[in-house]
Amino acid sequence: MDFAHDVIAWKRDGNELDEPRMHAFVQGVVSGAVPSYQASALLMAMVLRGLSDGETLLLARALVDSGKTLDLRVLRRPVLDKHSSGGVGDKVTLVLAPLVAACGAVVGKMSGRGLGHTGGTLDKLESIPGFRVKLPQGDFLRQLERIGVAVVSQSERVVPADRLLYALRDVTGTVECDGVIAASIMAKKVASGTSAVVLDLKVGRGAFAADLEHAREIGRLCRLIGDDYGRPTTCLFSAMDQPLGRTVGNRLEVEEAWQVLRGDGPEDVRDLTLELAAELLPLADLGMDAAEARARAEAALADGRAAEHFERWCYVQGGDWRPGEFQRLAGHEVTSPRAGYVTAVDALAVGRAAQTAGAGRRTVEDKIDASAGVLLEHKVGDQVEAGEPLAAVFSRDPARRRQASTVLETAFTVGPEAPPPAPLVLGRE
Ligand code: URA
């Protein structure tokens, strides 16, 4: 029997993977010596048996060592990053990155594209004409030095094993292993040279973790890996039962982020951004505590510095940012079947409706439509009349528009009584 077979059988039988086994297996995935069917079998054994803390650390190390690692120490300043575990309508990075930079810290981020019902920051940024998400490393560093903010696409050479394994996990029902999720998230942060991370771990329908307890366990593992590499990591847990803000879809979300940057926009996006800024800024070299960080961030939203920094960022990264100037597509409204209160707006269904409209991908090869998406007129707790518009879906293609509106209709629940207020931030660690 070969080596990969023995490692699979070892894990299947409930034994602990040691460093040589983990390392050789992950290297084999990258070199092609371990074929995808064997990699998938080991992933399934990991899902069924779980990973110990020690195995989680070994996997993170094996992933980091599978490719190139960036050294950002030449900047002589901590480079901060925020990572969200994936949400619907989550445009927080677009606000937080320039906001934190406007407050004097450095935010350097390697980001991904959206897949399935969740959006990706790169797709949102690319809805701004000319915005370049691929930057040579030297330009990335110079931009961080010059304006304190850069968001770029993940280099193919950073953590290649994660890309290969993630593609397999996606199609073999093996995403759901806490240790693998934590190693996958944190290996990319460590290898990208991030000095300190704030994780926004989403809880609810349309998130990896359905409840807070599960999210806390993923957070604990991420912090364990962060500690192992000397990269301070803090976690915020936030609700993802309904979408964040009122827009879902790339350009629509940038427009909404701009409103927040101007001191306006939906409360939930603004609140979550400020909470994350209060976690992130104290990790910089500015000697700020959370209370001062929050006050400074609020001031930067109020006095226009955050918006100005966003404009500068777009300009430097090649984007021609003209608020409100984009192609408006035909919309289809979804109306309330009865009078009452909105008691639920299912994030998963709204994400799927936006994806159907053309805003998201089903497979990595799919092309997206920057202008497509969903605008929510009402959210949980709002009182509505029968026949009143709840949301609209925008698409270039009438057939997709109709199909998406059918999905969107299923997202809303309207009941006779107002639901109790639910907190957005569920905890921090
Ligand atoms: N995000 C990642 O980068 N990896 C996972 O496994 C899950 C979420």
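Residues numbered from 1 in each chain as written. Predicted model: local features only at pLDDT ≥ 70, side-chain atom pairs only at ≥ 80, totals over all residues. Heavy atoms only, no water.

(A) Structural detail: the side chain of Lys124. Counting through the fold element by element, Lys124 comes out in helix 6 (residues 121–126). Lys124 sits in the buried class, given a relative accessible area of 2%. One polar contact links Lys124 to Glu253, side chain to side chain, over a distance of 2.9 Å. Not counting the four nearest positions on each side in its chain, Lys124 is found in contact with Asp90, Lys91, Leu94, Gly119, Asn250, Glu253 and Val254. (Helix = DSSP H or I, 4+ residues; strand = E, 2+ residues; numbered from the N terminus. Buried < 20%, exposed > 50% of the residue type's maximum accessible area, 1.4 Å probe, protein only. Polar contact = N/O pair within 3.5 Å; in protein donor to acceptor, adjacent residues only side chain to side chain. Contact = heavy atoms within 4.5 Å.)

(B) Layout of the site of the ligand. Around the ligand lies a shell formed by Tyr166, Arg169, Ile181, Ser184, Ile185, Lys188 and Phe208. The separation between an oxygen atom of the ligand and a polar side-chain atom of Arg169 is 2.8 Å. Here Ser184 contributes a side-chain N or O atom positioned 2.6 Å from a nitrogen atom of the ligand. In isolation the ligand offers 240 Å² of accessible surface; the protein chains occlude 92% of this area. Listed by contribution, the elements that provide at least two residues to the shell around the ligand are helix 8 (160–172) and helix 9 (178–191). By residue number, the principal contributor to the shell around the ligand is helix 9, which donates four residues. A class-by-class count of the residues in the shell around the ligand yields four nonpolar, one polar and two charged. (Near = heavy atom within 4 Å. Areas by Shrake-Rupley, 256 points an atom, 1.4 Å probe, with all protein chains shown as cover. Nonpolar A, V, L, I, M, F, W, Y, C, P; charged D, E, K, R; others polar.)

(C) Main features of the sheet that holds strand 5 (residues 233–239). Here six strands make up an open sheet; going across it, the order is 3-2-1-4-5-13 and the pairing mixed. Each edge of the open sheet is held by one strand with a lone partner, namely strand 3 (149–153) and strand 13 (425–428). Looking at each pair of strands side by side, their axes are set apart by 20° on average, direction ignored. Sheet topology note: the strand 4 (residues 196–203)/strand 5 ladder contains seven bridges and is parallel. Residue pairing for strand 5: Val197 is matched across the bridge by Thr233. Contacts from helix 10 (residues 212–228) reach strand 4, strand 5 and strand 13, with the element oriented near 160° to strand 5. (Pairing = 2+ DSSP bridges. Axes fitted to C-alpha atoms, helices over the stretch in contact; angles between N-to-C directions.)

(D) View of the domain arrangement of the protein. Domain parsing of the protein yields domain 1 (3–50), domain 2 (73–316) and domain 3 (331–415). In this structure, domain 1 and domain 2 have C-alpha centres spaced 31 Å apart. Contacts between the two partners involve 10 residues from domain 1 and, on the opposite side, 12 residues from domain 2. The contact between domain 1 and domain 2 buries some 940 Å² in all, and 87% of this surface belongs to carbon and sulfur atoms. The tally of links between domain 1 and domain 2 comes to zero salt bridges. For the interface between domain 1 and domain 2, the tally reads zero residue pairs in polar contact (both at pLDDT 80 or more). Elements represented by at least two residues in the side of domain 1 that touches domain 2 include exactly helix 2 (19–31) and helix 3 (36–49). Ranked by residues supplied to the side of domain 1 that touches domain 2, first place goes to helix 3 with seven residues. Partitioning the side of domain 1 that touches domain 2 into residue classes produces eight nonpolar, two polar and no charged. (Domains from an automatic or database assignment. Buried area = accessible area lost by both parts, 1.4 Å probe. Salt bridge = Lys/Arg side-chain N within 4 Å of Asp/Glu carboxyl O.)

(E) Representation of the pairing of strand 8 (residues 340–345). Bridge analysis of strand 8 against strand 10 (residues 383–384) gives two bridges, and the strand direction is antiparallel. Its bridge partner being in strand 10, Gly340 is matched across the sheet by Val384. Bridging between strand 8 and strand 12 (residues 412–415) involves four bridges; their strand directions are antiparallel. The residue bridging Val345 from the neighbouring strand is Phe412, located in strand 12.

(F) View of the sheet that holds strand 6 (residues 247–248). In space, the four strands of this open sheet follow the order 6-9-11-7, with antiparallel pairing throughout. Among the strands making up the open sheet, the edge pair consists of strand 6 and strand 7 (331–335). Pairing analysis gives two bridges linking strand 6 to strand 9 (residues 373–376), with the strands arranged antiparallel. When the bridges of strand 9 are listed, Thr247 appears paired with Leu375.

(G) Quick peek at the nonpolar core. In this structure, Val100, Phe310, Trp313, Val350, Val374, Leu408 and Phe412 are the most contacted members of the largest nonpolar core, which totals 79 residues. Sorting elements by how many residues they give to this core places helix 5 (residues 92–102) first, with eight residues. Each of two domains, domain 2 (73–316) and domain 3 (331–415), supplies a minimum of three residues to this core. For Val350, the residues in contact, after removing those within four places along its chain, are Pro243, Val248, Val345, Val374, Leu376, Leu408 and Ala411. Counting residues in each nonpolar core, the second largest holds 59 residues, with Leu63, Leu75, Val159 and Cys177 among its members. (Core = buried A, V, L, I, M, F, W, Y, C linked by side-chain atoms within 4.5 Å.)

(H) Spotlight on the environment of Gln27. Examined against the element boundaries, Gln27 turns out to sit in helix 2. For Gln27, a relative accessible area of 30% corresponds to the partly exposed category.

(I) Quick peek at the packing of aromatic side chains. For the structure on display, the rule yields five aromatic pairs. Centre to centre, the rings of Trp258 and Trp321 are 5.6 Å apart; their planes meet at 65°, and the pair counts as edge-to-face. Taken together, the positions of Trp258 in helix 11 (residues 250–261) and Trp321 in the loop between helix 14 (305–316) and strand 7 put the pair 63 residues apart, joining distant regions of the chain. Look at Phe310 and Trp321: their rings are 5.5 Å apart centre to centre, the planes differ by 85°, and that puts the pair in the edge-to-face class. Of this pair, Phe310 sits in helix 14 while Trp321 sits in the loop between helix 14 and strand 7; the two residues are 11 residues apart in sequence, bridging distant segments of the chain. Here the aromatic cluster, defined as three or more aromatic residues joined through ring pairs, consists of Phe131, Trp258, Phe310, Trp313 and Trp321. Positioned over the ring face of Trp10 is Arg21, at 3.9 Å from the centre of the ring. (Phe/Tyr/Trp six-rings, centres within 6.5 Å; stacked < 30°, edge-to-face > 60°. Lys NZ or Arg CZ within 6 Å of the ring centre and 35° of its normal.)

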